[in-house]
Amino acid sequence: MNNGRDRFMGRTAIITGAGSGIGKAAAIKLVQEGANVALFDMKDDRTAEVEQELNSIRKGCARAFDVDTSNPERVERSVLEAVEIFGGIDIVFANAGINGVLAPIEELSLEDWEKTLDINLNGTFLTVKYAIPHLKKRGQGSIIITSSVNGTRVFTGFGMIAYSTTKAGQVAFAKMAALELARYKIRVNVICPGAISTNIDQSTDRQGDLDEITIPIEYPDGGQPLADGPGKPEEVADLVAFLASDESRHITGSQIFIDGAESLLR
Ligand code: NAD
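Residues numbered from 1 in each chain as written. Predicted model: local features only at pLDDT ≥ 70, side-chain atom pairs only at ≥ 80, totals over all residues. Heavy atoms only, no water.

What to know about the nonpolar core
And then number 1: If you look at the biggest cluster of nonpolar residues, it comprises 31 residues, and the most contacted ones within it are I15, L30, V37, L39, L54, F93 and I191.
And then number 2: Counting only elements with at least two residues in this core, the list comes to β1 (12-16), α1 (21-32), β2 (36-41), α2 (44-57), β4 (91-94) and α7 (233-244).
And then number 3: Once residues within four sequence positions are removed from consideration, L39 is found in contact with I15, A18, A27, T47, V50, E51, L54, A62, R63, A64 and F65.
And then number 4: Judged by nonpolar contacts, the second largest core, of 29 residues, contains F40, I132, I143 and L181. (Core = buried A, V, L, I, M, F, W, Y, C linked by side-chain atoms within 4.5 Å. Buried < 20%, exposed > 50% of the residue type's maximum accessible area, 1.4 Å probe, protein only. Helix = DSSP H or I, 4+ residues; strand = E, 2+ residues; numbered from the N terminus. Contact = heavy atoms within 4.5 Å.)

Encoded structure:
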């Protein structure tokens, strides 16, 4: 086992939502430790900048793909292209997600509900689905899925009904997939971050009368007792790297909270 800075040497990771926040931090971390990375994100310009930054760390290690993870054709095609460029896939970080529209249930349109499900849940399914044949060819693999404390331990994100539903769904998906894929030595784990400083507010659209459904709750002092959060994307990236590495070789189907104990307060 190698825990040095080259523990991902010769390995390739697909990272969705790699143009910002947690995905970007994970891409940097994996590249710093030797991996090649396929950056899947819709935002061409931002992702292109991440690609450039990574290739300045190690030339040729990163390639950006303009892919909407809710679009099956684009996911399938990009996975195949990534395999062609890098020779295979070892690690999949299914991380792309949006907060989407936050609204009372009766005011939430089916269209807005479906958009959040499409990106967060279908996107996870499609990323994993199209990567599996390539992980199988390697004889092992690590899949890491980004869920959240919302929908798993926290249910007071008033208005986040669609988001929380997808995050709960990702946990069930990860555990089912862990069992199904264990025979191929493919591990599947799911991480549940609390508040992390990223650009996720840009994908948040508050609509309708949220005050109407909010229950006033008085929390104890301190949002994240361990560090008075929010956490940093780099802290999540360290966990992703651990789960991607051989150090976690006996861990699968696990749900790991990374929130400085925020969700225990709520
Ligand atoms: P972010 O907005 O900084 O990054 C998300 C990235 O995903 C963006 O670059 C965006 O362009 C991309 N993306 C969105 N829809 C996409 C699609 N359809 N196809 C491809 N890429 C797409 O946010 P983040 O906080 O880094 O979010 C990453 C994950 O972490 C999400 O799944 C989110 O739900 C989860 N999460 C975040 C927090 C937090 O506090 N930031 C907490 C818990 C969970």
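Overview of the site of the ligand
And then number 1: Neighbouring the ligand are 29 residues; S20, D41, Y163, I196 and T198 lie closest to it.
And then number 2: Contacts to the ligand include T69, whose backbone N or O atom sits 2.9 Å from a nitrogen atom.
And then number 3: Between the ligand and the protein, one listed contact pairs an oxygen atom with a side-chain N or O atom of K167 at 3.0 Å.
And then number 4: Its free accessible area being 830 Å², the ligand has 96% of it covered by the protein chains.
And then number 5: Secondary-structure elements contributing two or more residues to the shell around the ligand are α1 and α5 (161-181).
And then number 6: Taken together, the residues of the shell around the ligand break down into eleven nonpolar, 13 polar and five charged. (Near = heavy atom within 4 Å. Polar contact = N/O pair within 3.5 Å; in protein donor to acceptor, adjacent residues only side chain to side chain. Areas by Shrake-Rupley, 256 points an atom, 1.4 Å probe, with all protein chains shown as cover. Nonpolar A, V, L, I, M, F, W, Y, C, P; charged D, E, K, R; others polar.)

Concerning empty space enclosed by the protein
And then number 1: Scanning all chains against the criterion turns up one cavity of 30 Å³ or more.
And then number 2: Contributing to the lining of the largest cavity are T16, T69, A94, N95, A96, I119, G123, T124 and T127.
And then number 3: Among the elements that line the lining of the largest cavity, the one with the most residues is helix α4 (residues 110-138), at four residues. (1 Å grid on protein atoms, 1.4 Å probe; cavity = no way out; pocket = protein on both sides within 12 Å on 5 of 7 lines; lining within 4 Å. Points joined across faces, edges and corners; volume = space filled by probe spheres on them.)

Observations concerning a negative patch on the surface
And then number 1: A cluster of acidic residues, E106, E107, D209, D211 and E212, forms a negative patch on the protein surface.
And then number 2: With respect to the secondary-structure elements, E106 resides in the loop between β5 (100-102) and α4.
And then number 3: Residue class for E106 comes out exposed when judged on its relative accessible area of 76%. (Patch = residues over 30% accessible without salt bridge, like charges linked within 9 Å, V, L, I, M, F, W, Y side chains within 5 Å. Salt bridge = Lys/Arg side-chain N within 4 Å of Asp/Glu carboxyl O. Lys, Arg positive; Asp, Glu negative; His and termini not counted. Charge placed at Lys NZ, Arg CZ, Asp CG, Glu CD.)

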